[in-house]
Amino acid sequence: MDAILFLTFAAIAVACAINLVLQTHPISSALSLVGVMTSLAVLYLLLGGSFIAAVQVIVYAGAIMVLFIFVIMLLNTQGERTQPKKNVLPIAIALPLLFSLIGVLAAIVATQVPAGEIVKFGTFSGGDPLTFGRAMFTRYLLPFEVTSVLILIAIVGAVVLAKKEI
Amino acid sequence: MNFYIISLVKAGITAGVLLTFCAYLVWIERKVLAHIQLRPGPYRVGPHGLLQPLSDLIKLMTKEGVIPANVHTFFYLFAPFLAVALALISIVVIPFGPEFSILGVTTGLGLTDLNIGILLVLAVSSLGVYAIALGGWASNSKYSLMGGLRSAAQMISYELPMALAIVSPLLLLNTLNFREMVVGQEGFALGFIPRWTIFAAPVPQVFSFIIFMIAVFAETNRVPFDLPEAETELVAGFHTEYSSLMFAAFFTAEYANIITVCCVATALFLGGWQPLWPAAYGSNFVPPLIIGLAGLMLLYHGSQALKSRRWDRFSFPAIGVIFLGLAGLFFVPVLQPVLIPFFWFASKLLVLIFVFIWVRGTLPRFRYDQLMKFAWTFLFPAALINLLITGLVVALTSQ
Amino acid sequence: MPPIPTVVPMSWYLILSAILFTLGAAGFLLRRNIITVFMCIELMLNAVNLTFVAFSHQLKQVDGHIFTFFVMVVAAAEAAVGLAIILTVFKNRQTLEIDEISSMKL
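What counts as what
- Residues numbered from 1 in each chain as written.
- Chains lettered and ligands numbered in written order.
- Predicted model: local features only at pLDDT ≥ 70, side-chain atom pairs only at ≥ 80, totals over all residues.
- Heavy atoms only, no water.
- Helix = DSSP H or I, 4+ residues; strand = E, 2+ residues; numbered from the N terminus.
- Buried < 20%, exposed > 50% of the residue type's maximum accessible area, 1.4 Å probe, protein only.
- Contact = heavy atoms within 4.5 Å.
- 1 Å grid on protein atoms, 1.4 Å probe; cavity = no way out; pocket = protein on both sides within 12 Å on 5 of 7 lines; lining within 4 Å.
- Points joined across faces, edges and corners; volume = space filled by probe spheres on them.
- Nonpolar A, V, L, I, M, F, W, Y, C, P; charged D, E, K, R; others polar.
- Buried area = accessible area lost by both parts, 1.4 Å probe.
- Salt bridge = Lys/Arg side-chain N within 4 Å of Asp/Glu carboxyl O.
- Polar contact = N/O pair within 3.5 Å; in protein donor to acceptor, adjacent residues only side chain to side chain.
- Pairing = 2+ DSSP bridges.
- Core = buried A, V, L, I, M, F, W, Y, C linked by side-chain atoms within 4.5 Å.

**Quick notes on the environment of Ile116(B)**
Now for step 1: Take Ile116(B): it is sitting in the loop between strand E2 (105-109) and helix H4 (117-138).
Now for step 2: Overall, Ile116(B) belongs to the buried group, its relative accessible area being 10%.
Now for step 3: Between the C-alpha atoms of Ile116(B) and Asn174(B), which are 58 residues apart in sequence, the distance is 12 Å.
Now for step 4: Contacts of Ile116(B), omitting those with residues within four sequence positions, involve Ser50(A), Ala54(A), Pro129(A) and Leu176(B).

Dropping the structure here:
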C-alpha cells in the first residue's frame, strides 16, 4: 500500500513538474505547480508529517500560488512568444547536462543512503501539531521571531513597491 | 475488511444525504426568501413546490452544454469539476453524532476521525478559490474575469480573519480533532448552561463566532459579500458563460460549501450534537415533540386544504403520518443514542443555514472597496484582538 | 518486471526530490517568462523541503519539519516582494520576457 501510494503521487508530482517546465502559458504552469505541491503534501502525510502537509496546502497552494494566479490574471498575459531565431545550441547542451545531473544525484543517493533505510507509514508520528508546536516554541523560538520580522519587512516592501510610482 | 465495508456504506449514505440536502436547500432558500418578500415562492411542482428541485435538475441536465468559442477548453471544463469536488471533500471530517454500537459494530456518525480535521477544512477551503478564479479566467469574458479576480482577492482577505477566529475556540478545546472538540463541550456549567465554546468559561467565544460567521459569508460568496457574482454589475460573475451541468456543478458547490461551513460552526462553537439543556430536564423529549407537532399540523392543514388544491388533501396527511412515525422512532431504545444527538446537530445546522438565507433576504450588497476595507481595517484587527485576549485569559487561568 | 516492494526505501524519496529539483533548475534556465522562472524557483524549494521531511522521518526528529516551515515562510515573503517587483516591471516596460528586461535603467 505504501509503495502504491508513493509511486502514484510521485508520478503525479513528476508529471506536473514536467508540465510546469514545458507549458508556454503561465496559468498552466502555475496549476501544474499546485499539482506538485498537493501531491508532495500527500507524500508528507506518508512520511508522518501531518501538520506540515496541512501547512503545505494552506500556505503554498492556498496562499502563495493564489497570489501568482492573481498576478497572472491581473496582467492577463498571453503565452510566450516563440522566438523567430530559435537557438538550438543551448537546448542541445542543456538536455544532456540535465540528465547527467539527475544521474549523478541518483548515484550519490543510491551509494550514500544505506539500503536498509525504509519508510513505513505510521512508524514516525513526531510530525503531529503537538510535537511540532513544542519544538517550534521552545528550541526554535528565536528563528520563529526572526521570521516574523522578515515577514514584516516583506509586507512593507510589497506595499512600497505597489504604491510608489517607480 | 469490515472497516472498508462500513466506510463505503457511510460514504455512500453521506454523499447521498448531502447532495439531496443541497438540492432541497435551494427549495428552502426560495421558500424563505419568498415569504420574506410576501410571496408564495415555488408552488406548482408537487405539494408546495416540494418536487421543484427534481424538475430543476431535469431541466439543467437536458439543457445544451454550450462551450463558447475562444475559451481555454481544458480549464473551462476543469473549473466546475474542481469546485464540486472540493466542496464535497470537507464533509468527511465532520462528526454528526457520538460513537454507538449497532449489530455488534461500533462506529461513529461521520466518515473519518482525522487528528488534523480543522486543518483539512482550512486547506480545502483555501483551494476552493482556484475553481472560481479559473472558471472566471478561462471563460474569456470580461465579466467572468472581473468576478474571478474579485473572488480571488476576497477569499484571500477573508481567510485570515476566519482562521484567526477558529484559533481562539481551539485554545479552549486543546484539540484539532472534531470529535474530541464536541466531546470536550459536553456537560453543563451550574447544571443548566451548556459548556459550548460560545458560552464557555473563562472566555465565551461570542466574538469569535460572529467574526467566523462574517468571514464565512465572504468565503462562500453569499450576500452581502457576493461580489464575484453581483448580477447588477457583472451579469452573473464568474459563471456567466457556464450552462447546463457545468452551471449546476458551481451551484451545487456553493450550497455544499454553505452546509460544510455551517457544520464546522456547529461543531466548533455550538457544541455539535450536545443538547441545549440536560436530559434530566427532559431534553430527550424535544425531538419527538417538534416532529410530532409538525406531523399534526400537516394533518390539520390537509383537512383544511382549499378545493382548488385537491392534491393537498391527499399529500399533506400522508407526509403528516410519516412525520408522526418519525416521532415514534425517537422512543425506540436502540435508536435513541443515534437519533437524538443527530437531531440536535441537524437542528443547529438548520438554524445557521436559516441565518444565511435570512441575511440574503435582508441585507444589500457591499461595494467592492468597502468589502476590502472592512476585511483589513475592521475584521482582521478584531479577530487578532479577540485571539490575544482569549490567549491571555486562557494562559492566566489554566494554571 | 521486478516485483514492487511493499515498503518504500528511503532513497526513492531522495531520488524523487532530485528529479524535481533538476526539473526546477532546467525550467529556471530555459524559460523566458519571468513568472514561470519564479515558479521554477518555488519548485526547487519544494524539492528541498521533501528531503527535509524525509530525513526527519529517518532521524525520528521533528526538526526537519521546522526547517520546511521556515522555508515556506521565506517563500511566502519572497513571493509577496517578487510579485510586487514583477508588477512594477510590467507597469514600466509592458513585458515579462526576461531577455527584454536586461538593462537596469530605462
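**Considering empty space enclosed by the protein**
All names here are of chain B.
Now for step 1: Counted according to the given criterion, the structure contains three cavities of 30 Å³ or more.
Now for step 2: The computed volume of the largest cavity comes to approximately 380 Å³.
Now for step 3: Taken together, 24 residues make up the lining of the largest cavity; nearest its centre are Gly128, Met155, Glu219, Ala253 and Asn257.
Now for step 4: With seven residues, helix H9 (residues 244-269) is the largest single contributor of residues to the lining of the largest cavity.
Now for step 5: Here the residues of the lining of the largest cavity sort into 13 nonpolar, eight polar and three charged.

**Digging into the interface of chain A and chain C**
Now for step 1: Listed per partner, the contact involves 77 residues of chain A and 71 residues of chain C.
Now for step 2: Between chain A and chain C, roughly 6,800 Å² of surface is buried when both sides are summed, and carbon and sulfur atoms account for 78% of that area.
Now for step 3: At the boundary of chain A with chain C, the tally comes to one salt bridge.
Now for step 4: Linking Asp63(C) and Arg139(A) is a salt bridge whose minimum nitrogen-to-oxygen distance equals 3.2 Å.
Now for step 5: Counting the contacts that link chain A with chain C gives four residue pairs in polar contact (both at pLDDT 80 or more).
Now for step 6: When residues of the side of chain A that touches chain C are traced back to their parent elements, those giving at least two are helix H1 (2-22), helix H2 (26-46), helix H3 (50-75), helix H4 (88-112), strand E1 (118-119), helix H5 (129-137) and helix H6 (141-163) of chain A.
Now for step 7: Pairing of E1(A) with strand E1 (residues 8-9) of chain C involves two bridges; the strand directions are antiparallel. Paired with Val119(A) across the two strands is Val8(C), which belongs to E1(C).

**Some words on the nonpolar core**
Now for step 1: Counting 167 residues, the largest nonpolar core has Phe212(B) and Tyr13(C) as the members making the most contacts within it.
Now for step 2: Top contributing element to this core by residue count: H3(A), with 18 residues.
Now for step 3: Excluding residues within four positions of it along the chain, Phe212(B) makes contact with Met162(B), Ala165(B), Ile166(B), Val261(B), Val264(B), Ala265(B) and Phe269(B).
Now for step 4: Ranked by size, the runner-up nonpolar core spans seven residues in total, among them Val286(B), Ile291(B), Ala327(B) and Trp344(B).

**Let's talk about the interface of chain B and chain A**
Now for step 1: Taken together, the 19 residues of chain B in the interface contact 21 residues of chain A.
Now for step 2: Interface area, chain B with chain A, both sides summed: about 1,800 Å², of which 85% is carbon and sulfur.
Now for step 3: A per-residue breakdown of the area chain B buries against chain A is headed by Tyr130(B), Trp137(B) and Leu149(B), which together make up 31% of the total.
Now for step 4: At the boundary of chain B with chain A, the tally comes to zero salt bridges.
Now for step 5: Applying the counting rule to chain B against chain A returns two residue pairs in polar contact (both at pLDDT 80 or more).
Now for step 6: Elements represented by at least two residues in the side of chain B that touches chain A include exactly H4 and helix H5 (142-173) of chain B.
Now for step 7: In the side of chain B that touches chain A, the residues fall into 17 nonpolar, two polar and no charged.

**Comments concerning the pattern of salt bridges**
Side chains bearing opposite charge may pair, as long as their charged atoms lie close to each other.
Residues and elements named next belong to chain B.
Now for step 1: One pass over the structure, following the stated rule, counts seven salt bridges over all chains.
Now for step 2: For Arg222, the salt bridge goes to Glu29, with nearest N and O atoms at 2.7 Å. Within this pair, whereas Arg222 is found in the loop between helix H7 (206-219) and helix H8 (231-234), its partner Glu29 is found in helix H1 (residues 2-36), the two being separated by 193 residues in sequence. With respect to class, Arg222 is no different from Glu29; both count as buried.
Now for step 3: Its salt-bridge partner being Arg360, residue Glu29 comes within 2.9 Å of it at the nearest N-O pair. With Glu29 in helix H1 and Arg360 in helix H12 (residues 336-362), the pair connects residues that are 331 residues apart, well separated along the chain.
Now for step 4: Classification of Glu29 by relative accessible area gives buried; the value is 2%.
Now for step 5: By sharing partners, the salt bridges in this structure join Glu29, Arg222, Glu254 and Arg360 into a single network.

So, to be careful, I would describe these as geometric facts and stop short of saying anything about function.
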